[in-house]
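# Tertiary structure, described
Chain by chain, the residues:
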Amino acid sequence: MGFHTFDAERADALEDAERYRFCSREELLGAVDPAPDDVVADIGSGTGFYTDEIAPFVGHLYAVDVQAEMHEHYREKGAPDAVEFVTAEASSLPFDDDELDAAFSTMTYHEFAEDASLAELARVVRPGGRVVTLDWSSAGAGSDGPPMDERFGLGDAVTAFEEAGFTTVEGRTRGETFVHICTR
């Protein structure tokens, strides 16, 4: 599979409220299950559409994106005080070992799904910490999201995370997407 990043020229599309039909604020909050003092990272934060939904419920939230242009869009929109911008690859996160209480990615796993990225998440998420992945499913019809040959199935994600040292808590496929919740 080839990895790509979302075209920054189309960043405004990431602010479309229609995205909630694939993952609501409540579903994401329930999956991440944040505590007020938690340190969390949104891997592939883009314009902060979903970052904004978690930020009020944590102590510190890193908005991680490989494209500085996405951070510029987010800054222009206005970011909550709890958010810190980090421009980095998922395979090379500038965090200390066990620094994060949780990490999540919404519709970006297919952009960084590789052993090095999952090993990096295992390094920076503390023991007992949670990783939530919501992404486009290879079991979907392909009517939304990336091309089918760029998608993974829930089973692919479960296997990859478990091989990286995570334990699956929950996983389900629905329509065009899947959600996978695991702990370290």
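If you look the chain up in an unreviewed UniProt entry, it shows as Methyltransferase domain-containing protein from Halobellus limi.

### Here's the deal with the overall build of the chain
A count of helices and strands for the chain gives 6 helices and 7 strands. In the chain, buried positions account for 51% of the 184 residues. Contacts in the chain between residues at least 24 apart in sequence constitute 65% of all its contacts with a sequence separation of at least 6. For the chain, the accessible surface area stands at approximately 8000 Å², while carbon and sulfur atoms represent 46% of it.

### Quick look at a negative patch on the surface
On the surface, Glu89, Glu114, Asp115, Glu162 and Glu163 cluster together to form a negatively charged patch. Judged by relative accessible area, Asp115 falls into the exposed class, the value being 63%.

### As for empty space enclosed by the protein
Tallied over the entire structure, the rule returns 1 cavity of 30 Å³ or more. A volume near 40 Å³ is recorded for the largest cavity. Lining the largest cavity we find Ile43, Ala103, Phe104, Ser105, Phe112, Leu121, Val131, Val132, Thr133 and Phe161. For the lining of the largest cavity, the elements supplying multiple residues, two or more each, are β4 (100-106) and β5 (125-136). A per-class count over the lining of the largest cavity returns 8 nonpolar, 2 polar and no charged.

### Structural notes on the pairing of strand β2 (residues 60-65)
Remark: a regular strand shows side chains that alternate across the two faces of the sheet. Where burial is concerned, most of β2 is hidden: 5 out of the 6 residues are buried. Relative to strand β3 (residues 83-87), β2 runs parallel, the two being bridged by 5 bridges. Residue pairing across strands places Ala63 opposite Phe85, the latter belonging to β3. With helix α3 (residues 68-77) bridging β2 and the parallel β3, this β-α-β connection has right-handed handedness.

### Quick notes on the sheet that holds β2
Within the open sheet, the 7 strands sit side by side as β3-β2-β1-β4-β5-β7-β6. Their pairing is mixed. The outermost strands of the open sheet, each flanked by one partner alone, are β3 and β6 (167-174). Across the sheet, the mean angle separating the axes of adjacent strands is 15 degrees when strand polarity is ignored. Sheet analysis places strand β1 (residues 39-43) next to β2, joined by 5 bridges and oriented parallel. Counted as the bridge partner of Asp42 is Ala63 from β2. Across the sheet, helix α1 (residues 25-32) lies against β4, β5, β6 and β7 (177-183), angled at about 150 degrees from β5, the strand it touches most. Relative to β3, α3 is tilted by about 160 degrees, and along the sheet it contacts β2 and β3.

Rules behind the numbers
Residues numbered from 1 in each chain as written. Predicted model: local features only at pLDDT ≥ 70, side-chain atom pairs only at ≥ 80, totals over all residues. Heavy atoms only, no water. Helix = DSSP H or I, 4+ residues; strand = E, 2+ residues; numbered from the N terminus. Buried < 20%, exposed > 50% of the residue type's maximum accessible area, 1.4 Å probe, protein only. Contact = heavy atoms within 4.5 Å. Areas by Shrake-Rupley, 256 points an atom, 1.4 Å probe, with all protein chains shown as cover. Patch = residues over 30% accessible without salt bridge, like charges linked within 9 Å, V, L, I, M, F, W, Y side chains within 5 Å. Salt bridge = Lys/Arg side-chain N within 4 Å of Asp/Glu carboxyl O. Lys, Arg positive; Asp, Glu negative; His and termini not counted. Charge placed at Lys NZ, Arg CZ, Asp CG, Glu CD. 1 Å grid on protein atoms, 1.4 Å probe; cavity = no way out; pocket = protein on both sides within 12 Å on 5 of 7 lines; lining within 4 Å. Points joined across faces, edges and corners; volume = space filled by probe spheres on them. Nonpolar A, V, L, I, M, F, W, Y, C, P; charged D, E, K, R; others polar. Pairing = 2+ DSSP bridges. Right-handed = clockwise from strand over helix to strand, strands pointing away. Axes fitted to C-alpha atoms, helices over the stretch in contact; angles between N-to-C directions.

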